[in-house]
Amino acid sequence: MRLPISLPKSARSMWKRQSAPGAVPGTLHVDPTAPKPTIQVLAYGPGGCIERTVEDPQELCEILPAWPVTWVNVEGLGDATVLQKLGDVFDLHGLALEDVVNVHQRPKVDEYTDHLFIVARMIYMNMHIESEQLSIFLGTNFVLTFQSTPGGDCLNPLRDRIRRGLGRVRTLGADYLAYGILDGVIDAYFPVLDVYSHELDKLENEVLENATPRTVSRIQRVKRNLLTLRRV
């Protein structure tokens, strides 16, 4: 399992909640500097699959009934109008859609009448650990995912299995796709843990044999990163 593509810290949005106190629940306040959304569709069934980029969320109304499972992945959260149109197409709860753009959420699952809203966090290794919110909506025949920034994720092995018809994914439903997405996110944690296991072994030897002021700095950096990992 390869490490996910790392982006410079400046490329990953640190946007925090911008809703003013007393604002109407479900109001979307997007980061004005965030990338505009791109909508990628991977729809499939036992007999095949299609993959395309759509410009208008209304195009999804023709794709959804035509395939047993449709995976819609949105990269970029910089257009509230597009996000609201997606919410209308999939009949998403307004509070869940608000959580999509407030990208500081911790992992959770919220249950609504006809869909689940799941928040997970993808881990990236740069000079330090960074995480990106992955928002997942699971419906009867669809999975809708939102990522705040483009530039790669840890889910390409799953996409490749769908394209090539490998494993069971094309014969099962949207719930199995959501499971596969979460499995891919968690799998990507293990290479990061291996990096820090190796780093801690080196630090242990350094403390016992030749500790320097730089050793203390490295210990503090590792501690901060492991606390970040624990939170996500």
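Preceding this paragraph is the structure being described.
Described in the following lines is the structure provided in the data block. (Residues numbered from 1 in each chain as written. Predicted model: local features only at pLDDT ≥ 70, side-chain atom pairs only at ≥ 80, totals over all residues. Heavy atoms only, no water.)

Taken in spatial order, the 7 strands line up as S2-S1-S3-S7-S6-S5-S4 in an open sheet, and their pairing is mixed. In the strand order of this sheet, the two ends are held by strand S2 (48–54) and strand S4 (108–111), each with one partner. Between one strand axis and the next, the sheet turns through 20° on average, direction left out of account. Its contacts with the sheet place helix H4 (residues 156–164) against strand S1 (38–45), S2, strand S3 (69–75) and strand S7 (142–147), and it is angled at close to 145° to S3. Across the face of the sheet, helix H5 (residues 174–187) comes into contact with S1, S3, strand S5 (116–125), strand S6 (129–138) and S7 while running at roughly 175° to S6. (Pairing = 2+ DSSP bridges. Helix = DSSP H or I, 4+ residues; strand = E, 2+ residues; numbered from the N terminus. Axes fitted to C-alpha atoms, helices over the stretch in contact; angles between N-to-C directions. Contact = heavy atoms within 4.5 Å.)

A few words now on the pattern of salt bridges. Under the counting rule described, the total for this entry stands at 6 salt bridges. With a closest N to O distance of 2.9 Å, Glu59 and Arg52 form a salt bridge. The class for Glu59 is partly exposed, based on a relative accessible area of 26%. For Asp160, the salt bridge identified is with Arg164, shortest N-O distance 3.2 Å. Residue Asp160 and its partner Arg164 are located together in helix H4, separated by 4 residues, close to a single helical turn. By relative accessible area, which is 30% here, Asp160 ends up partly exposed. Look at Arg164 and you get exposed, because its relative accessible area is 56%. It is possible to trace a salt-bridge network through shared partners that takes in Asp99, Lys108 and Asp110. (Salt bridge = Lys/Arg side-chain N within 4 Å of Asp/Glu carboxyl O. Buried < 20%, exposed > 50% of the residue type's maximum accessible area, 1.4 Å probe, protein only.)

For S6, a buried count of 9 out of 10 residues is recorded, marking the element as mostly surrounded by other parts of the structure. Relative to S6, S5 runs antiparallel, the two being bridged by 10 bridges. Residue pairing across strands places Tyr124 opposite Glu130, the latter belonging to S6. Pairing geometry for S6 and S7, over 5 bridges, is antiparallel. Residue pairing across strands places Phe137 opposite Leu144, the latter belonging to S7. Hairpin connection of S6 to S7: 3 residues between the antiparallel strands.

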